[in-house]
Amino acid sequence: MITSKELIDWATASLVVISGGLAGHYAAIGMNPVQWAGAATAVLGSVTVAVAVRIWTPAKAKAQD
């Protein structure tokens, strides 16, 4: 069964992939410097969210038998 932590991890990872893919797509079409700055900010922001979720979400330790 999928736990909420796994769901959050996958959701933030997909956020990074989607924002990077959209930034790359629009970069291939052509962007001005302001759009480049916005795309870089979006990608770095999504990476920051993904790292923060992995650091701040406590992992449950399993007891050893």
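Coordinates for the structure precede this section.
As the structure is a prediction and not an experimental result, all values here were calculated from the model. (Residues numbered from 1 in each chain as written. Predicted model: local features only at pLDDT ≥ 70, side-chain atom pairs only at ≥ 80, totals over all residues. Heavy atoms only, no water.)

Moving on, we get to the overall build of the chain. Along the backbone of the chain there are two helices and zero strands. Counting the 65 residues in the chain, one finds 14% classified as buried. By element, 72% of the accessible surface of the chain is carried by carbon and sulfur atoms, the whole surface being about 5300 Å². (Helix = DSSP H or I, 4+ residues; strand = E, 2+ residues; numbered from the N terminus. Buried < 20%, exposed > 50% of the residue type's maximum accessible area, 1.4 Å probe, protein only. Areas by Shrake-Rupley, 256 points an atom, 1.4 Å probe, with all protein chains shown as cover.)

Bringing a nonpolar patch on the surface into the picture now. Residues Ile 18, Leu 22, Tyr 26 and Ile 29 make up a contiguous nonpolar surface patch of about 420 Å² in total accessible area. Along the chain, Tyr 26 falls in helix α1 (residues 4–29). (Patch = residues over 30% accessible without salt bridge, like charges linked within 9 Å, V, L, I, M, F, W, Y side chains within 5 Å. Salt bridge = Lys/Arg side-chain N within 4 Å of Asp/Glu carboxyl O.)

As a further point, take the pattern of salt bridges. Should their charged atoms come close, side chains of opposite charge can pair. Evaluation of the coordinates by the stated rule reveals one salt bridge. Put simply, Asp 9 and Lys 5 hold a salt bridge, and the shortest N to O gap is 3.1 Å. Pair noted here: Asp 9 and Lys 5 are both in helix α1, with a separation of four residues, about one helical turn. A residue is classified by how much of its surface remains accessible, and Asp 9, at 17% relative accessible area, is buried.

Moving on: the packing of α1 against helix α2 (residues 33–56). The packing of two helices is summarised by the inter-axis angle and the distance between the axes. With their axes 9 Å apart at the nearest point, α1 and α2 run at an angle of 170° to one another. With respect to their mutual orientation, α1 and α2 come out roughly antiparallel. Remark: the crossing between α1 and α2 carries left-handed chirality. In this structure, α1 uses Ile 8, Asp 9, Thr 12, Ala 13, Leu 15, Val 16, Ser 19, Gly 20, Ala 23 and Ala 27 to contact α2, whose residues at the interface are Trp 36, Ala 39, Ala 42, Val 43, Ser 46, Val 47, Val 49, Ala 50, Val 53 and Arg 54. (Axes fitted to C-alpha atoms, helices over the stretch in contact; angles between N-to-C directions. Parallel < 35°, antiparallel > 145°, perpendicular 65-115°, else oblique. Left-handed = near helix turned anticlockwise from the far one by under 90°. Contact = heavy atoms within 4.5 Å.)

Under the 1.5 Å per step criterion, the end-to-end length of α2 is 34 Å for 24 residues, consistent within 8% with the ideal 34 Å. Regarding α2, the residues found buried are Ala 39, Ser 46, Ala 50, Ala 52 and Val 53. Where α2 is buried, its residues touch α1. By the N-cap criterion, in which a side-chain oxygen at the helix start approaches the backbone nitrogen of a residue two or three places on, α2 is capped by Asn 32, the distance to Val 34 being 3.1 Å. (Expected span 1.5 Å × (residues − 1). Polar contact = N/O pair within 3.5 Å; in protein donor to acceptor, adjacent residues only side chain to side chain.)

This paragraph deals with the side chain of Ser 19. Among the secondary structure elements, Ser 19 is positioned in helix α1. For Ser 19, a relative accessible area of 14% puts it in the buried group. Apart from the residues within four sequence positions on either side, Ser 19 is in contact with Ala 42, Val 43 and Ser 46.

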